[in-house]
Amino acid sequence: MKKEEVQAIFMKILREEEDVSAGVAAIKTLLTVIENYKVSTVRELDLNLQLAVDAMRHCDQPVTAISSGCELFMRFITFAKLDTKSFEECEKIMLQRGNIFLDKLLEARGKVAKQALSFICDGCKILTHSRSRVVLQAMIEAIKANKRFEVFITVSAPDNSGEMMHKQLVAAGVDATLILDSAVGYVMEQVDIVMIGAEGVTESGGIINKIGTYSLGIAALELKKPVYVLTESFKFSRIYPLNQMDLPKEFKYLSNTLKSGKDLSKQHPLVDYTPPSYITLLFTDLGILTPSAVSDELIKLYL
Amino acid sequence: MVDAENYLVQPEKPFTATQRRRIRRNRLRFAKTDCVDILCTINKIQNKTKNNPEQGHIAVIENNKQEYKVEDALRSVVIKDFDESILQKMSSNEIPPKSRDEIKAARQAKKAAKLKVNNKTTENPQLTKEIENLNENNINSKPKVESTDEVDKSVVINPNAVDISTSREQIKADRAAKKSAKQLKKKGAADGESNVQSSVKKELKEDDSVKQNEDMTVKDVVETLKNIVSVAKEVNEITTKQEETGKSKAELRAERRAKQEAQRAAKQAAEKKVVKPKLEAPTVNVDVPKKEEKVIKSKTLEKSKTKLQLAQRFNWFQHLYTEFDKNPLKKIPINSNLHPAIVKLGVQLSSRVVKGSNARCIALLDALNKMVRDYVLPAKTEFSRGLESHLASSLEFLWTTREPCASQINAVKFFRHHLAQLPNNVDEFDAKKTLQEEIDRYIREQIEMAGEAISIAVRNKISNGDTILTYGCSSLIEQILCEAWEAGLQFRTLVVGSRVSPDAAEMLRRLCARGLPCTYVDFTAVNYVMKTVSKVVLGAGALLANGAVVSAAGTAGVALAARARNRPVLVACHTHKFIDSLYTDAFMHNQIGDPDDLLEKSDDNSPLKDWRSNLNLTPLNLTYDVTPPCLITAVVTELAILPCTSAPVVLRFKLSEYGV
């Protein structure tokens, strides 16, 4: 099994399925690896998976969701691999569990969107940041439930993913307005709630998201607006950043940038860390949690 | 010897009491206490005088010379090793009861024979009568001086019921025991010799009152034997206890008197209640003087009065002022069966030799280990019940020396849990082995391995070029910083300390010894230096259920200063320090430290120097404070780096694993 092959599979999945986030694509890739690359021992399988994850991290995709998703996936499937007679049976069980995990993931988004529904009331104005598939789904559900609301979306440089979100929202029939990143402070007094997605949730209860989220959080706290984070549970990761500098480099910069050996202090980071004190609630498929409960859930998952 | 001296002295010129004492003192000072030998020699002399009443004084003089020869020989034995000699005395004290018995029996037989002989001889009945009269005069002339020495008092000698031979032997034994007891007490003290002299004086005073007494009954023999045994036991106990040096004679005497009184009270009644005199409060006060009544029960530990006057207690902390007594040994009843390791730990805790939560926990577990190892199960008792009650009494003593910290409470809970889990009819050896293994495992896993895990976790958070700030002294923080430095990370350390406790200086010393670049600042400068700091790492004494951190007084201030500048605050805490209680301030549970620590010791003109005489001045030295969870960024445990609010999760986790 070669790195390039894994990367090829990964990129293919991402290309073909628009709807799929990087994390879910990564997990699908891993499942494919288990299916296609036959090995004879569990240890070899473990090694293979680790190699695959490593390969995907160097794919120029946001690493946060990939790493947390893959780690949880591996924990989930290896949780029950003991005491089986032969390796084939073992593999079968692992595949089974892998597919269950994936199914759960795909359902997760729907669960989260449903929970957010009750928080979107008639006539409310929502501010969101960059492109999040979960938030999109939540808003589409709200439209289907005949709610009337307005949405402000930031452009979200440098990749301008906010524009795509805007297009999708308008196509769904949502009253959406595109604003500059720098206009967040200006708009904040008009909005009622802030709804954002997350690329990763840290052990502290804070989130890692597209650059600009932190500023949004500070402005929201200052103007007393609640910040709701919509995320699936496979994005929970065990890192505990103390401040922005403490974020791992792989999260902040693309692998190409890291490899090229440029001076990182002069590069634009892709993500930032929003501490838990700026977040009101997290909507997850495990339930609606406060930031302090995230650690509780993580301990349950990992210990 | 007493008799001989009197015989010798009386007709010529009377020695004064002091002179007699001096003579005796000089003799006793260098005597090698081989009681049996002395007794034998004395006996020989006595026999001689008795057998030759004709010779009377002459014989006595000759015999005295012999005696003196014996004494000289003894005196010439140079005692090089003081301890050795004491040990010898100890061993000799242990031997007597048995050998004395034999000797007494032999002597009684001899005495019976002698009496017959004496009765038969009518050659000098006058002389014998004279002798007797003289003796009686001696008894009457010398006033009975009550010895204030506890050892003397405990050796109850019935003047009218002791025979000559046995009285002498008893006196010798008592003297030897008392002397060794006193020598042990004064071991290492500068005024050892003078104490010995004074002690000898006391002995002599009592000895004067004890003269030839006849008609001894077996019952009295037994009684005196018992007394000797008790004295020997006391002496034994005293060797195992380490008393504070540098105590004045008066204090020691007062101590002993107090002990004696307590024992007397206990002896006379099964349970007596004594109301101590109410503490006198000064007339001019702001706060109402509280009247304290203390009840002394015979079996519980005595609590001595606080040294502070009531007016000098801070009102809000009345509940925290324990009867702070620096010498915990006063509180142990004489017949307690506390293990010496426990007693030693108690002294170490109260004198603050052992401090820091990890050190105290390990010391406690070590003492418990020894206690379990040496525990002798009484007959017809179940092992766990017996040990539990023994443990309870040991802990009762320990907690009076110093309030337990969270790590100690959890360690005890753990121990009790395992003790309760022992099967009913378990073999004593197996039970002990299990308990000792559990203790070792606890120390290894919960303290040592956890410390390593925490060290690695914090090391990942330290980057090159950082400045780390820490407060006070914590063994864990020291381990973290030193290991990070040795792993090659380049960072600077700032140690913040306070004038009150020397902990921070100790921390600085330790870090510098390992080669870390450190700086020391006083607490007053913490805000000023905070802008140069990148991270703050603190140690914890305990972590409460709401995530608040109990630590050395001053930690909350440092955390606050860090928060004000948005510096991340990490608290490194083992999971065995997590406790289930919850309090939000430093008033509910705290420890009042020694108020004298607040004084600037090097400053002779310190305005606080005479604070005790000033009723309007109350120095308050609190040991702990509580840092609220909002000031803390993260808690680093061996399980994970957690937010403060996840403390209950860890508690739940621990409960399931350890049953504590």
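Residues numbered from 1 in each chain as written. Chains lettered and ligands numbered in written order. Predicted model: local features only at pLDDT ≥ 70, side-chain atom pairs only at ≥ 80, totals over all residues. Heavy atoms only, no water.

Chain B appears in an unreviewed UniProt entry as Translation initiation factor eIF2B subunit delta from Bombyx mori. The heading Sequence similarities (unreviewed entry) in the UniProt record of chain B holds the text "Belongs to the eIF-2B alpha/beta/delta subunits family." (UniProt positions renumbered as here; feature names shortened; annotations may be inferred.)

If you look chain A up in an unreviewed UniProt entry, it shows as Translation initiation factor eIF2B subunit alpha from Bombyx mori. Taken verbatim from the UniProt record of chain A, the Subcellular location (unreviewed entry) comment is "Cytoplasm, Cytosol". In its Sequence similarities (unreviewed entry) section, UniProt records this for chain A: "Belongs to the eIF-2B alpha/beta/delta subunits family."

**As for the overall build of chain B**
Along its length, chain B carries 22 helices and 10 strands. In chain B, 80% of the contacts between residues at least 6 apart in sequence involve partners at least 24 apart. For chain B, the computed accessible surface area is about 33200 Å², with 54% contributed by carbon and sulfur atoms. (Helix = DSSP H or I, 4+ residues; strand = E, 2+ residues; numbered from the N terminus. Contact = heavy atoms within 4.5 Å. Areas by Shrake-Rupley, 256 points an atom, 1.4 Å probe, with all protein chains shown as cover.)

**What about the overall build of chain A?**
Assigned secondary structure in chain A consists of 12 helices and 10 strands. Relative to its 303 residues, chain A shows a buried fraction of 51%. By sequence separation, contacts in chain A at least 24 residues apart represent 74% of the contacts at least 6 residues apart. Summing over all exposed atoms, chain A offers an accessible surface of approximately 13600 Å²; the carbon and sulfur share of this is 53%. (Buried < 20%, exposed > 50% of the residue type's maximum accessible area, 1.4 Å probe, protein only.)

**Focus on the sheet that holds strand β3 (residues 518-522) of chain B**
Residues and elements named next belong to chain B. Pairing is mixed across the open sheet formed by seven strands, whose spatial order is β3-β2-β1-β4-β7-β9-β10. With partners counted over all chains shown, the strands left at the sheet margins are β3 and β10 (641-642), one partner each. Note that strand β1 (residues 466-471) and strand β4 (residues 535-539) share two bridges and pair parallel. Residue pairing in the sheet places isoleucine 468 in a bridge with lysine 535 of β4. Sitting on the sheet, helix α21 (residues 555-564) touches β1, β2 (491-497), β4 and β7 (569-572), and the angle it makes with β4 is about 160 degrees. (Pairing = 2+ DSSP bridges. Axes fitted to C-alpha atoms, helices over the stretch in contact; angles between N-to-C directions.)

**Some thoughts on the sheet that holds strand β8 (residues 271-274) of chain A**
All names here are of chain A. Read across the sheet, three strands follow the order β5-β6-β8 without closing on themselves; strand pairing throughout is antiparallel. Each edge of the open sheet is held by one strand with a lone partner, namely β5 (200-201) and β8. Where β5 lies against strand β6 (residues 207-210), two bridges are found, and the strand directions are antiparallel. Within β6, the residue paired with glycine 200 across the bridge is isoleucine 208. In the packing of helix α9 (residues 213-222) onto the sheet, contacts are made with β6 and β8, and the angle to β8 comes to roughly 30 degrees.

**Quick look at the interface of chain B and chain A**
Each partner contributes residues to the interface: chain B has 16 residues there, and chain A has 13 residues. Together chain B and chain A conceal approximately 1300 Å² of surface at their shared face, both sides included; 63% is due to carbon and sulfur atoms. It is Lys461, Pro643 and Val649 of chain B in chain B that bury the most area against chain A; as a group they hold 32% of the surface buried on that side. In this structure, the connection of chain B to chain A is made through five residue pairs in polar contact (both at pLDDT 80 or more). Looking at the side of chain B that touches chain A, the elements that each hand over two or more residues are β10 and α22 (647-658) of chain B. No other element matches α22 of chain B, which puts three residues into the side of chain B that touches chain A. Looking at the side of chain B that touches chain A, its residues break down into 10 nonpolar, three polar and three charged. (Buried area = accessible area lost by both parts, 1.4 Å probe. Polar contact = N/O pair within 3.5 Å; in protein donor to acceptor, adjacent residues only side chain to side chain. Nonpolar A, V, L, I, M, F, W, Y, C, P; charged D, E, K, R; others polar.)

**Looking at the confidence of the model for chain B**
Residues and elements named next belong to chain B. Looking at chain B, the pLDDT average stands at 73 and 61% of residues meet or exceed 70. A low-confidence stretch, residues 54-61 (pLDDT under 50), is modelled with 10 contacts involving residues beyond four sequence positions or located in other chains. This stretch, residues 242-246, has a pLDDT under 50; its non-local contacts, to residues over four places away or in other chains, come to six contacts. Under the prediction, the complex receives an ipTM of 0.85, its pTM being 0.65. (pLDDT = per-residue confidence, 0-100.)

**A closer look at a nonpolar patch on the surface**
Residues and elements named next belong to chain B. Side chains of Phe314, Trp316 and Phe587 sit close together on the surface and give an oily, nonpolar patch of about 330 Å² of accessible area. Looking at where phenylalanine 587 falls in the secondary structure, it is placed in the loop between β7 and β8 (624-627). Residue phenylalanine 587 is classed as partly exposed on the basis of its relative accessible area of 35%. (Patch = residues over 30% accessible without salt bridge, like charges linked within 9 Å, V, L, I, M, F, W, Y side chains within 5 Å. Salt bridge = Lys/Arg side-chain N within 4 Å of Asp/Glu carboxyl O.)

**What to know about the pairing of strand β7 (residues 227-230) of chain A**
Residues and elements named next belong to chain A. The two faces of β7 match: Val227 and Val229 on one face and Tyr228 and Leu230 on the other face are all buried. Here strand β4 (residues 193-196) pairs with β7 via three bridges, running parallel. Within the sheet, the bridge partner assigned to valine 194 lies in β7 and is valine 227.

**Some thoughts on the packing of aromatic side chains**
Any two aromatic rings considered together are summarised by their centre-to-centre distance and by the angle between their planes. Going through the model one piece at a time under the given rule, you end up with 10 aromatic pairs over all chains. Consider the rings of tryptophan 485 of chain B and phenylalanine 491 of chain B, whose centres lie 5.9 Å apart with planes at 85 degrees: the pair is edge-to-face. Tryptophan 485 of chain B sits in the partly exposed class, given a relative accessible area of 21%. Accessibility expressed as a relative area gives 3% for phenylalanine 491 of chain B, which makes it buried. Counting every residue linked through ring pairs, the aromatic cluster contains Phe73, Phe76 and Phe101 of chain A. Its end group placed over the ring of tyrosine 528 of chain B, lysine 531 of chain B keeps NZ or CZ at 4.4 Å from the ring centre. (Phe/Tyr/Trp six-rings, centres within 6.5 Å; stacked < 30°, edge-to-face > 60°. Lys NZ or Arg CZ within 6 Å of the ring centre and 35° of its normal.)

**Comments concerning helix α2 (residues 17-29) of chain B**
All names here are of chain B. Taking 1.5 Å of rise per residue, 13 residues should cover 18 Å, and α2 covers 18 Å from first to last C-alpha, within 8% of that figure. All buried positions along α2 are accounted for by Arg20, Arg21, Arg24, Arg25, Arg27 and Leu28. For α2, the angular spread of buried residues about the axis comes to 165 degrees, placing them on one side. (Expected span 1.5 Å × (residues − 1). Arc of directions from axis to C-beta.)

**Remarks on the packing of helix α13 (residues 340-350) of chain B against helix α15 (residues 383-401) of chain B**
Residue and element names in this part refer to chain B. Taken N-terminus to C-terminus, the directions of α13 and α15 make an angle of 15 degrees; their axes are 8 Å apart at the nearest point. Comparing their axes, α15 and α13 come out roughly parallel. Taken as a pair, α13 and α15 cross one another with a handedness that is right-handed. Along its contact with α13, which presents Ile342, Val343, Leu345, Gly346, Leu349 and Ser350, the element α15 presents Ser394, Phe397, Leu398 and Thr401. Each residue belonging to the contact of α13 with α15 can be placed in one class, and the counts come to six nonpolar, four polar and no charged. (Parallel < 35°, antiparallel > 145°, perpendicular 65-115°, else oblique. Left-handed = near helix turned anticlockwise from the far one by under 90°.)

**A closer look at helix α3 (residues 42-57) of chain A**
Helical geometry: 3.6 residues make up each α-helical turn, so side chains three or four residues apart lie on a common side. Residues and elements named next belong to chain A. The terminal C-alpha atoms of α3, which comprises 16 residues, lie 23 Å apart, in line with the 22 Å expected from a rise of 1.5 Å per residue. Taken together, the buried positions of α3 are occupied by Leu45, Asn48, Leu49, Ala52, Val53, Ala55 and Met56. Down the axis, α3 shows its buried residues gathered within 160 degrees of arc, on one side only. Against the buried residues of α3 lie α1 (3-16), α2 (22-36), α4 (63-78) and α5 (87-117).

**Details of the pattern of salt bridges**
All told, the structure shown has 23 salt bridges over all chains when counted by the stated rule. A salt bridge links lysine 461 of chain B to aspartate 246 of chain A, with the shortest nitrogen-to-oxygen separation between them at 3.1 Å. Of this pair, lysine 461 of chain B sits in the loop between α17 (428-459) and β1 while aspartate 246 of chain A sits in the loop between β7 and α10 (249-252), on two different chains. For the pair lysine 461 of chain B and aspartate 246 of chain A, one class covers both residues: buried. Among the salt bridges present, the one from arginine 441 of chain B reaches glutamate 445 of chain B, with a minimum N-O distance of 3.5 Å. Here arginine 441 of chain B pairs with glutamate 445 of chain B, and both are found in helix α17, just four residues apart, close to one helical turn. Within this structure, Glu478, Glu506, Arg509 and Arg510 of chain B form a network of salt bridges that share partners.

**Overview of the pairing of β1 of chain B**
Residue and element names in this part refer to chain B. Judged by how many residues are buried, β1 sits mostly within the fold: six of six residues are covered. Covered by surrounding structure in β1 are Asp466, Ile468 and Thr470 together with Thr467, Leu469 and Tyr471, the residues of both alternating faces. Handedness of the crossover joining β1 and β2 through helix α18 (residues 475-486) is recorded here as right-handed. (Right-handed = clockwise from strand over helix to strand, strands pointing away.)

**Observations concerning unusual backbone geometry**
In this structure, proline 158 of chain A follows alanine 157 of chain A across a cis peptide bond, with omega equal to 0 degrees. The topology assignment puts proline 158 of chain A in the loop between β2 (149-154) and α7 (161-172). A positive phi angle, near 60 degrees, is found at lysine 380 of chain B, a position not held by glycine. If you trace the backbone, lysine 380 of chain B turns up in the loop between α14 (357-374) and α15. By relative accessible area, lysine 380 of chain B is classed as exposed at 91%.

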